[in-house]
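# Examination of the molecular architecture
Here are the chains, one letter per residue:
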Amino acid sequence: MRTKSFLLVLSGFCSSVTAFGQNATVTTKSSPGLLQLAGAGIDGQILVSANDWWGVIRAAQDLAIDFGKVTGKNLTLGNWQGSVMPGIGNYSKRTKNIRRDPDPQWGWWNGPPHPLHGGDGGPNGGPWNPRQAPPPSAPHNITAGLPSGKTTVYYTYQPTTNFINYTVGPAENFAGPTLTNNSTLKTVIIAGTIGKSDVINTLLDAQKFSELQIRGKWESYITHVIDNPFPGIDRALVIAGSDMRGTIYGLYDVSEQIGVSPWWDFADVPIKKSAGVWALEGRKTQRSPSVKYRGFFINDEQPALTNWINDNYAPGPYGAGFNHYFHARVFELSLRLKANYFWPAEWSSMFNVDDTANQPLADAYGIVMGSSHTEPMMRASNEWPTFGKQYGGNGQWAYNSNNASIEKFFRYGAQRAKPYAASSLFTMAMRGSGDTAIGLTDEQAIVVVENAVKAQIKILTEVFNGTNVTDIPQMWCLYKEVQGYYEQQGLTVPDHITLLWADDNWGNIRRLPLANETERLGGAGVYYHIDYVGDPRDYKWINTIQLEKTVEQMQLAYARLADRIWVLNVGDIKPLEIPISHFLDMAYDAPKWSYDSVPDWLNQWAALSFGAEHADGIVSVLERYGMYAARRKYELMDPSFYSVINYNEADAVLAQWQKLANDAQGIYDDLDEVYQAAFYEMILQPVLGGQVVYQIYINAAKNEQYVAQKRSSANDKAMDVLDYFKQDAKLTQRYHELLDGRWNHILDQTHLGYRGYWQQPMRNTAPPLAFVQELETSIGGNLGVGVEGNNSTVSGDDVYHDNSKNTLVLPPMDPYGPKTRWIDIFSRGMDGCQWNVTPWADYVRVSPATGFTGGDNGSDTRVFVSIDWAKAPNTTTTINMNITSSCGKKWGSYNAPMVQVPVQNVAIPGDFVGFVESDKHISIEAEHTTRNSSINNISYSTLPSHGRTLSGVTLMPVLAPSQPAGTGPVLEYDIYTFTNVSKANVTLLISPSQNQNGALRPLKYGVAFDGDVPQTIQFVGNYTGGGYPPGWLGAVADAVWGLSSSGNTTTTMHNLSKTGKHTLKVWAVEPGVVIQKIIVDLGGLRYSYLGPPESFRAGVDKVGTYDGTNFAGIAVKDVI
């Protein structure tokens, strides 16, 4: 029998001690009376039983080593071999008198019914039936005694020897920990599985603690300090699990509390040294997880992860070496993250073929294996093109024409998984070749997949002879066109198969269970993406996930009882560590991480990873980063989106990124050196990488603008873009060189230079750039003038203003609008010139009023225009400003330019509270209501930091019935207008959600002014088949419904011909509508990607202190 080593010796650093998301059971601070587990003077032991699960004993060894990482001295592992305790009697003779759980892997205690969400007595139990257990795996655990009085634990298996017809070879094994027999005196921790572990069962026989609260539960555990567990042991910390993973989670919970991050290996998170570890008094009972199967899918793994695998592991028989050494690391990470389910890499891997030890190792660790939505019956996509022809037939992946061969292929997958049945969840049905739709009509395809599923069920029944097929975990992913088959074409899914609903690949769940679907035996789940390859563009470079969005969508799923399976598409794992952790923590305990929980979650994550003293700063950085990165995926960026002339938008965005980068860099600089690699991997590189992408594209936009204006500095902007382009590559190089190249290739993914096509560019490419001739002067003179809100340039001609006209007009100014407007004076020639800006009225102020531009000693200058409202007349007027130059009265062949500013000294009533029109528009952040109502306990909640600029507002509870416009809870906004307009447009910017409540309850909202009849708008259209609603491509790209690219589906027209006070009313007709921003266009709205800055709020803002120059309220001069 061949033995394989599974233990990985990996270096770890040191981190802070924090319990994350769970009740504390241990501490690193000494206190009188506490049981010391490790530290000076303690030579402690974890006592287990060799007959427990191999995966439990392996996790116990991890904990023993983790104590060493923290305190400098590992704990040892002891093997309980006793069968008699004084006054207790023989365990085997007493079991018939004790009501005890059978082994949870083999059967379930027949307890009371399991009610919805929390049926196991705790806040985080799931509605699924904990007694619906998978069939058992074959026996795999063996032990071998050593002459030294020790025992080694082995997991044995028979590897497959043929990839076409199922055969197995001689037994092989994974060597587990070596335990010291009958050594109890040093014991500080006793760990094991109820009904499996002799040492735990003996304690239960002795009534040393009660397991009633977790008896028969799925993945539950108890942690409890008990007195005198065995002779010679005064006290010990007992960790007892209801099943194998329950015990494993209990062990890793202690690891995390003493400061060992789940990411100690995959993200190099250090571990802070402590003098000792003590057990806290009291008892912790961890109930069943919220979601039964929780895990992730390695996908889209080329080029980054595959290249990294090729560098670090020997090649497999058919490609990259995704072997059991790699997967041991993945499985440990999963279990430390409290996950239990795994879809292996699809693109360049065949999990069971790359290494025949892979699936046995998953079972040994306690990981439930699945296969992706497009890989049925535990067979990888690549297995069919590699081996399919050897099954006979026509070789096609087409069940309608090649069913006999494909059924053989399916049967092999079931046979190969059978020895690991307790750790198998079968993907059912089939799609077309290469993760595409079946190439038939919908009606024909439905017949094909229904027949395929009937055959698969028959195969499972035959292979698992004697097992009720409904007890074998199975799921059918309703991905893309399959959802259309089910919803609109009558596809039948057997009741015992879990319906795995999918998002739209962009984090918006397409559909969730309806009332008539919630009682299905198989239940429902969600397949969710934080990485994707496909329309409108790939996004798989770095983290772009807004955690607040994940919370909103997954809490909706949990409330709608989609809680059997949550699986996350994570790309290459790195660099998506943060959203992976967040998603899996939600899956483990959904009620704990509710809608406003992200700051608390981030704080605990940051404290565990980098120390509590840095947590607040890291929370601020990550919340802002999540918002900035999610506004538009980096791969979707180009120079056209953020306006360089309107509302100071582009400059404000750059200023936000600069402030974020400064803050992140400051934290990095303050960290001890040992923490800096992990911080760079997970935080600093994404921040600096995101910033440089924005610097590239916004400066490319300025280059385009400046070339149109014939500015000399257009060339400087082009060179800036190239410098940033190089900086992007240097940031990648820095990442790849960290820790002697530990993660080389992880950032190989291209991300710059997409051109009208969704697929990745083959090489990063800078955006198009242009240059002006530096060796000549513009025929419009050495200087040029441009103004805010206008593409025109004077003096001279361009397509934006009448030929030979020399006047530009600024957007209007009033007391309730932006504090300043701007004029740019720039070089367009070879000579420098002194210039002056002279307003015709003393209440119009300019700064600076004079300067020198061009030549060797001058630069472009932004002149800011402001109004002294105390001196301005109470009327509307237009003020001229002369611009003169030392280079002559003539500007080339043209007259000197003039700039005009409309000045509107309007006023609102002193008692008005609400939003005030300026520049013929009103912009409102949705959370800033004047009033909002509650009806029948249905009301609106704010989702902090959700969306693109501030927050989102949505209807709660999410299970509320439809709330018709005019009768349901309403958001009210008092506004004040000065412009008489009979056709005012109101646009709502709404998160890009989908019609997840089915065709009968599509997402809608209502809107009206004053006493008008509400207009009810279905802004997400109906769609059929595998497609998406009209405008979807634009909505997910923009991260909102409401812009032109998604069809302006949230714009309505209203009559506001009466000026003065109005009340804008907005109703969310359905839960799931998340409103971010509201824009009222009275005829003056100009283009911007994020919408204008929020308007003046009387009652909150003050005339003279309100800035209003940009949406972020941030100084932008330093980025001009």
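Residues numbered from 1 in each chain as written. Predicted model: local features only at pLDDT ≥ 70, side-chain atom pairs only at ≥ 80, totals over all residues. Heavy atoms only, no water.

Across its full length, the chain carries 20 helices and 47 strands. Against the 2.2 N^0.38 benchmark of 32 Å for 1120 residues, the chain shows a C-alpha radius of gyration of 33 Å, consistent with a compact globule. Principal axes of the C-alpha set define a box for the chain whose edges measure 110 × 70 × 60 Å. In the chain, buried positions account for 65% of the 1120 residues. Averaging the locations of the 88 positively and 106 negatively charged side chains of the chain gives two centres separated by 4 Å. (Helix = DSSP H or I, 4+ residues; strand = E, 2+ residues; numbered from the N terminus. Rg over C-alpha atoms; globule rule 2.2 N^0.38 Å. Buried < 20%, exposed > 50% of the residue type's maximum accessible area, 1.4 Å probe, protein only. Lys, Arg positive; Asp, Glu negative; His and termini not counted. Charge placed at Lys NZ, Arg CZ, Asp CG, Glu CD.)

A few words on the pattern of salt bridges. Summed over the entire model, instances satisfying the criterion amount to 42 salt bridges. The salt bridge partner of Glu487 is Arg511, with a shortest N-O separation of 2.5 Å. Placement of Glu487 in helix 12 (residues 481–488) and of Arg511 in the loop between strand 21 (498–502) and strand 22 (524–529) is noted, with a sequence separation of 24 residues between them. Take Arg511: its relative accessible area is 4%, and that puts it in the buried class. A salt bridge links Arg845 to Asp868, with the shortest nitrogen-to-oxygen separation between them at 2.7 Å. Residue Arg845 is located in strand 28 (residues 844–847), and its partner Asp868 is located in the loop between strand 30 (861–867) and strand 31 (876–885); the two are separated by 23 residues in the primary sequence. Salt bridges linked by common partners bring Asp651, Lys702, Arg711, Asp824, Asp860 and Arg862 together as one network. (Salt bridge = Lys/Arg side-chain N within 4 Å of Asp/Glu carboxyl O.)

Turning to the pairing of strand 28, a few remarks are in order. Of the two faces of strand 28, the one holding Val844 and Val846 is buried and the one holding Arg845 and Ser847 is not buried anywhere. Two strands pair when backbone bridges link them, and strand 28 and strand 30 are joined in this way by 4 bridges, in the antiparallel orientation. Looking at strand 30, one finds that Val844 is bridged to Ile867. (Pairing = 2+ DSSP bridges.)

We now examine the side chain of Asp355. By secondary structure assignment, the location of Asp355 is in the loop between helix 7 (351–354) and helix 8 (358–365). Looking at Asp355, its side chain comes within polar contact range of the side chain of His324, at 2.8 Å. A polar contact is formed between the side chain of Asp355 and the backbone nitrogen of Ala357, at a distance of 2.9 Å. (Polar contact = N/O pair within 3.5 Å; in protein donor to acceptor, adjacent residues only side chain to side chain.)

This brings us to the sheet that holds strand 25 (residues 807–809). Pairing within the open sheet is mixed, and its 5 strands lie in the order 25-34-31-27-29. In the strand order of this sheet, the two ends are held by strand 25 and strand 29 (850–853), each with one partner. Within the sheet, the average angular offset between the axes of one strand and its neighbour, ignoring direction, is 25 degrees. Bridge count for strand 27 (residues 833–839) against strand 31 is 5 bridges, and the pairing is antiparallel. Residue pairing across strands places Thr838 opposite Asn882, the latter belonging to strand 31. (Axes fitted to C-alpha atoms, helices over the stretch in contact; angles between N-to-C directions.)

Tallying each qualifying case throughout the model produces 1 disulfide. Here Cys833 pairs with Cys887 through a disulfide, and the sulfurs are 1.8 Å apart. Because the torsion about its S-S bond is -95 degrees, the bridge between Cys833 and Cys887 counts as left-handed. A residue pair is termed long-range when its members are at least 10 positions apart, and Cys833 in strand 27 and Cys887 in the loop between strand 31 and strand 32 (890–891) qualify at 54 residues. (Disulfide = S-S within 2.5 Å.)

Turning our eyes to something else, we now look at the packing of helix 16 (residues 612–630) against helix 17 (residues 649–670). Packing of helix 16 against helix 17 leaves a shortest axis separation of 10 Å and a crossing angle of 150 degrees. Viewed along their axes, helix 16 and helix 17 form a crossing whose handedness is left-handed. Contact residues: helix 16 offers His614, Gly617, Ile618, Val621, Arg624, Tyr625, Tyr628 and Ala629, while helix 17 offers Gln656, Trp657, Lys659, Leu660, Asp663, Ala664, Ile667 and Asp670. (Left-handed = near helix turned anticlockwise from the far one by under 90°. Contact = heavy atoms within 4.5 Å.)

Take the sheet that holds strand 3 (residues 35–39) next. Across the sheet, which stays open at both edges, the 3 strands sit in the order 2-14-3 with antiparallel pairing between neighbours. On the outer flanks of this sheet lie strand 2 (26–27) and strand 3, each paired with one strand and no other.

So, on to the packing of aromatic side chains. Centre distance and the angle of the planes are the two values used to describe a pair of aromatic rings. Counted under the stated rule, the structure contains 61 aromatic pairs. Each ring, one from Tyr486 and one from Trp501, has its centre 5.6 Å from the other, and the planes form 75 degrees; the classification is edge-to-face. On the criterion of sequence distance, the pair formed by Tyr486 in helix 12 and Trp501 in strand 21 is long-range, its members being 15 residues apart. Taking 5.3 Å as the distance between ring centres and 80 degrees as the angle between the ring planes, the aromatic pair formed by Phe1096 and Tyr1106 counts as edge-to-face. Taken together, the residues span a long stretch of sequence, with Phe1096 in the loop between strand 46 (1074–1081) and strand 47 (1097–1098) and Tyr1106 in the segment after strand 47 at a distance of 10 residues. Tyr1106 matches Phe1096 in its accessibility class, with the two residues each being buried. (Phe/Tyr/Trp six-rings, centres within 6.5 Å; stacked < 30°, edge-to-face > 60°.)

Attention now moves to unusual backbone geometry. Residue Pro575 follows Lys574 across a cis peptide bond; omega there is 0 degrees. Tracing the backbone through its elements, the reader meets Pro575 in the loop between strand 23 (565–571) and helix 14 (577–588). Despite not being glycine, Glu219 has its phi angle at roughly 60 degrees, a positive value. For Glu219, the position within the fold is in the loop between helix 3 (198–205) and strand 12 (221–227).

Remark: helix 1 (residues 54–71) packs on helix 4 (residues 244–257), axes separated minimally by 9 Å, with the N-to-C direction vectors making an angle of 5 degrees. Between helix 1 and helix 4, the interaxial angle falls into the category roughly parallel. The segment helix 1 lies against helix 4, with Gly55, Val56, Arg58, Ala59, Ala60, Asp62, Leu63, Asp66 and Phe67 engaging Met244, Thr247, Ile248, Leu251, Tyr252, Val254 and Ser255. Partitioned by chemical class, the residues of the contact of helix 1 with helix 4 number 10 nonpolar, 3 polar and 3 charged. (Parallel < 35°, antiparallel > 145°, perpendicular 65-115°, else oblique. Nonpolar A, V, L, I, M, F, W, Y, C, P; charged D, E, K, R; others polar.)

The subject of this paragraph is helix 16. Taking 1.5 Å of rise per residue, the 19 residues of helix 16 would be expected to cover 27 Å, and the 27 Å separating its terminal C-alpha atoms lies within 8% of that figure. The largest bend along helix 16 reaches roughly 30 degrees and is located at Ile618. (Expected span 1.5 Å × (residues − 1). Bend = angle between axes of the 7 residues up to and from the residue.)

Bringing helix 3 into the picture now. Burial analysis of helix 3 places 7 of its 8 residues in the buried class, which makes it a mostly covered element. For helix 3, the complete set of buried residues consists of Val199, Ile200, Asn201, Thr202, Leu203, Leu204 and Asp205. Two residues or fewer past helix 3, Gln207 is found with a positive phi of approximately 60 degrees.

Two faces belong to every sheet, and in a regular strand the side chains alternate between them. Extensive coverage of strand 39 (residues 951–956) is indicated by the burial of 6 of its 6 residues. Both strand 38 (residues 939–944) and strand 39 contribute to a ladder of 6 bridges, which runs antiparallel. What sits directly across from Ser939, in strand 39, is Met956. The turn linking strand 38 back onto strand 39 is made up of 6 residues, and Ser945 within it adopts a positive phi angle of 60 degrees.

This part is about the environment of Lys717. Residue position: Lys717 is located in helix 19 (residues 714–741). The exposure class assigned to Lys717 is buried, which follows from its relative accessible area of 12%. Beyond its immediate sequence surroundings of up to four residues, Lys717 is in contact with Asn699, Lys702, Asn703 and Tyr706.

The next subject is the environment of Phe1111. With respect to the helices and strands, Phe1111 occurs in the segment after strand 47. Relative accessible area serves as the criterion here: at 16%, Phe1111 is assigned to the buried category. Between the C-alpha atom of Phe1111 and that of Val653, which follows or precedes it by 458 residues, the distance is 8.9 Å. With sequence-adjacent residues up to four places away left out, Phe1111 is seen in contact with Arg631, Glu649, Ala652, Val653, Gln656, Thr949, Leu1090, Gly1091 and Pro1093.

Let us now look at the environment of Ala345. Note that Ala345 resides in the loop between strand 17 (341–343) and helix 7. As for Ala345 and Phe297, which are separated by 48 residues in sequence, their C-alpha atoms are 6.9 Å apart. Contact partners of Ala345, with chain neighbours within four places excluded, come to Ile298, Glu301 and Phe322.

What follows concerns the confidence of the model for the chain. Here the chain averages 92 in pLDDT, and 93% of its residues register 70 or above. With pLDDT under 50 throughout, residues 5–19 is counted as low confidence; its partners more than four residues away or in other chains account for 62 contacts. (pLDDT = per-residue confidence, 0-100.)

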